[in-house]
Every structure is written in C-alpha cells, then in structure tokens.
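Summary of the model geometry
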Amino acid sequence: MAIHNRYDFVMLFDVENGNPNGDPDAGNAPRVDAETGYGFVTDVCLKRKIRNYVELCQEGEPGYNILIKPDKALNTKFTEAYVAENLKLGNKGKNQDDVRTARSYMCRNYFDVRMFGAVMSTGEDPCGIVRGPVQINFARSLSPVFSQDITITRQARTTEGRQETGETEMGRKSVIPYALYRAEGYVSAALANKIPESDGISEKDLELLWTAIINMFEHDHSAARGKMCMRRLYVFRHDSVLGNSPSHILFDKISVNVNTDLPPRAFTDYEIVVDRQMPEGVELLEKL
C-alpha cells in the first residue's frame, strides 16, 4: 500500500489588512457569507497556494510537476502523456488499457493529480479520472468580518487620453482589517491505495503536503493580500487505513474562542483550546 494511515487536519490562518480571496461576482471584494457576515476562503484558493509552493520548492524534481497551472491547455498535457508512453493518439472512446497507462503516467509525474485528483477525460487523448485522497473544505472566519473599501491614488496613467485629464486618478482596494480563518481537511488512505502503489502518494508526499501548508503564504505575499500567516496546523493520525474515529469528533477537539470585547484585530485576541484526550488509535500531531 502507498500509505497505511488515515489523516484529518485543522488549519488556522489569519489575514491582516488584506484580501485573502477575492470574489469576482462582488468586484473582487473579500468573500463574505451574506447571511452571517463571516468570511470564507475557497478550497480552490488554498489548493492553489499548496500547488504554487510545491512547484517552487520541487522545481525540476521528477514526479513533482503541477498539472493545474496556466502554462498549457490541459488536453495538450494529456497528449504529452500518450507520446511519453508511446500510445496511439486519438484514443477517445477506444482503448481503455491505453487510458489506464496514461492515467498512471499522470499520477507518477504530477503531484497535484495523485494528491487532489483530476478529471482528465477530455480531448482526443483522455487520461481517465483520479479521485483525490486529499480534500480540503472551505475556510471560514472565526468571527464576522468587516470588508472595508480603501480609496487609493494612482500616480501613473495608462493612456495619453487619460493623462490629459490629470496626473493622478483614484482607485479602490478592498481589505479586511483582521480575520482568523479555520479550514479542515482529510487524507484518505483507502482512496490513496486505490491508485497502484508505484503511482500513488507516499509518506514523502505527505510530509511535503504538511510543509506546503505551513509555508503556503510565505511565498505568496502581495499588496492585495496583506499579511497572511499560517498560525496552527493540527494533524490527527489514525493507526489504520479506514480510521479509528469520525472526523467531526476529532475536529471538535480544537476549539477557538474570542477573548476580547472589541472586534478581534490580532491572533492574541483568540484563545485556542485543545482537548488532548484522543480516541483509541488516534494520535494528535501539532505540526505548527
């Protein structure tokens, strides 16, 4: 088997004077639950940052390419798998053995395919579907957030026509003064082992995943996102493939409470309470 243990994990990260995940349907303002006022960050955003870190630190390392990135069309990459494996091109709806061979190639060569899964059944050279053993939920803020529009001054104009109306122009920037977010995730050993061992995730891949989560914001700083930090990473390690406890019971072991009467503006405005009494067969690992 590729891995022998199921894992569940909890991430706590915060943002200060920034926009952690803009919403294109709201002028790229921070994503907010309209009914409760709590902020959220999508799973797609979090996995993007993990992919970016892995690509940065494993650049050129065989087996650690990233499939989901804006360099080539996905179908082009699927065709490259057929070429690398000397398979007949234009295989859509024909030879399923070739599809399985191409899927194996994609799992071996692309970190995000074997970790997060991928739908690769498009185009004339399909590579099948991989159900990812690693899944992450939306992150949700621990308190309601206040999204503030800041007016900024732009000194440089883009066209001569706009330059004639003045030397500067006004712009807007949406930020959250402070928010602490919580996200939860899962690593299914049972799903991981559905992939042939030579193509599936390994303990090395898992360690890289934890490292990427801890460092996902360290090489992603920008003026728009402000100051973002991964504050805590709690990993629940089961001593079996199928697990020894439901994940929600383990997630309830980590509780976060506000300890100020004012709107939270720092990580120290929260108290983290950890119930260290684990169910039999589960070990709590504090990675950060």
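Okay, so let's go over this structure. (Residues numbered from 1 in each chain as written. Predicted model: local features only at pLDDT ≥ 70, side-chain atom pairs only at ≥ 80, totals over all residues. Heavy atoms only, no water.)

Moving on, we come to the overall build of the protein. When its secondary structure is counted, the protein shows 8 helices and 14 strands. Judged by the C-alpha coordinates and their principal axes, the protein covers about 60 × 60 × 35 Å. Excluding contacts between residues fewer than 6 apart, the proportion of contacts in the protein whose partners are at least 24 apart in sequence is 70%. Computed over 35 positive and 41 negative side-chain charges, the inter-centroid distance for the protein is 3 Å. (Helix = DSSP H or I, 4+ residues; strand = E, 2+ residues; numbered from the N terminus. Contact = heavy atoms within 4.5 Å. Lys, Arg positive; Asp, Glu negative; His and termini not counted. Charge placed at Lys NZ, Arg CZ, Asp CG, Glu CD.)

A separate point is helix α7 (residues 203-215). Taking 1.5 Å per residue as the helical rise, α7 with its 13 residues ought to reach 18 Å, and the 18 Å between its terminal C-alpha atoms agrees with that figure. Residues of α7 that are buried include every one of Asp 205, Leu 206, Leu 208, Leu 209, Trp 210, Ala 212 and Ile 213, and no others. (Expected span 1.5 Å × (residues − 1). Buried < 20%, exposed > 50% of the residue type's maximum accessible area, 1.4 Å probe, protein only.)

Another aspect to go through is helix α1 (residues 43-57). In an α-helix, one turn spans 3.6 residues; hence positions three or four apart end up facing the same way. Helix length check: α1, at 15 residues, gives a terminal C-alpha distance of 21 Å against a target of 21 Å (1.5 Å per residue), a fit within 8%. Those residues of α1 that sit buried are Asp 43, Cys 45, Leu 46, Lys 47, Lys 49, Ile 50, Arg 51, Tyr 53 and Val 54.

It is worth spelling out the packing of α1 against α7 at this point. Two elements in contact, α1 and α7, have axes whose closest approach is 9 Å; the angle formed by their N-to-C orientations is 110 degrees. Taken as axis vectors, α1 and α7 run roughly perpendicular relative to one another. Viewed along their axes, α1 and α7 form a crossing whose handedness is right-handed. Together, Ile 50, Tyr 53, Val 54 and Cys 57 of α1 and Leu 208, Leu 209, Thr 211, Ala 212, Ile 213 and Asn 215 of α7 make up the contact between the two elements. In terms of residue class, the contact of α1 with α7 is made up of 8 nonpolar, 2 polar and no charged. (Axes fitted to C-alpha atoms, helices over the stretch in contact; angles between N-to-C directions. Parallel < 35°, antiparallel > 145°, perpendicular 65-115°, else oblique. Left-handed = near helix turned anticlockwise from the far one by under 90°. Nonpolar A, V, L, I, M, F, W, Y, C, P; charged D, E, K, R; others polar.)

All right, on to the nonpolar core then. Among the nonpolar cores identified, the biggest contains 41 residues, and Met 11, Phe 13, Val 187, Trp 210 and Ile 213 are the most heavily contacted of them. Broken down by element, the residue count for this core peaks at 6 residues, all from α7. In this structure, Trp 210 is in contact with Tyr 7, Phe 9, Val 187, Leu 233, Val 235 and Lys 287, ignoring residues within four places of it in sequence. Listed in part, the 17 residues of the second largest apolar core include Ala 81, Ala 102, Met 106 and Met 120. (Core = buried A, V, L, I, M, F, W, Y, C linked by side-chain atoms within 4.5 Å.)

Moving on to the packing of aromatic side chains. Counted by the stated rule, this structure contains 7 aromatic pairs. What links up through ring pairs into an aromatic cluster is the set Tyr 7, Phe 9 and Trp 210. In this arrangement the basic side chain of Lys 47 is found over the ring face of Phe 116, its NZ or CZ atom lying 5.4 Å from the centre. Residue placement shows Arg 140 over the ring face of Tyr 38; its charged tip is 4.0 Å from the ring centre. (Phe/Tyr/Trp six-rings, centres within 6.5 Å; stacked < 30°, edge-to-face > 60°. Lys NZ or Arg CZ within 6 Å of the ring centre and 35° of its normal.)

With that settled, the discussion passes to the environment of Ile 66. Examined against the element boundaries, Ile 66 turns out to sit in the loop between α1 and α2 (74-84). The spatial distance from the C-alpha of Ile 66 to the C-alpha of Arg 51 is 6.7 Å, given a sequence separation of 15 residues. The contacts of Ile 66, once residues within four sequence positions are left out, are Arg 48, Arg 51, Val 54, Glu 55, Lys 77, Tyr 110, Phe 111 and Asp 112.

Close contact between α2 and helix α3 (residues 96-109) brings their axes to 9 Å; oriented N to C, the two are set at 105 degrees. Here α3 runs roughly perpendicular to α2, going by the angle between their axes. On α3, the residues touching Lys 77, Phe 78, Ala 81, Tyr 82 and Ala 84 of α2 are Asp 98, Val 99, Ala 102, Tyr 105 and Met 106. In terms of residue class, the contact of α2 with α3 is made up of 8 nonpolar, no polar and 2 charged.

Its place among the elements puts Tyr 7 in strand β1 (residues 7-18). Here Tyr 7 falls in the buried class, since its relative accessible area comes to 5%. Between the alpha carbons of Tyr 7 and Val 187 there is a distance of 4.9 Å; along the sequence they are 180 residues apart. When neighbours within four sequence positions are excluded, Tyr 7 is seen to be in contact with Tyr 186, Val 187, Glu 203, Leu 206, Trp 210, Val 235, Phe 236, Arg 237 and His 238. A distance of 3.5 Å separates a polar atom in the side chain of Tyr 7 from a polar atom in the side chain of Arg 237. (Polar contact = N/O pair within 3.5 Å; in protein donor to acceptor, adjacent residues only side chain to side chain.)

This next bit is on unusual backbone geometry. Here Asn 17, not a glycine, exhibits a phi torsion of approximately 50 degrees, which is positive. As for its position among the elements, Asn 17 is in strand β1. The exposure class assigned to Asn 17 is partly exposed, which follows from its relative accessible area of 47%. Of note, Asn 28 is a non-glycine position whose phi angle comes to about 65 degrees, a positive value.

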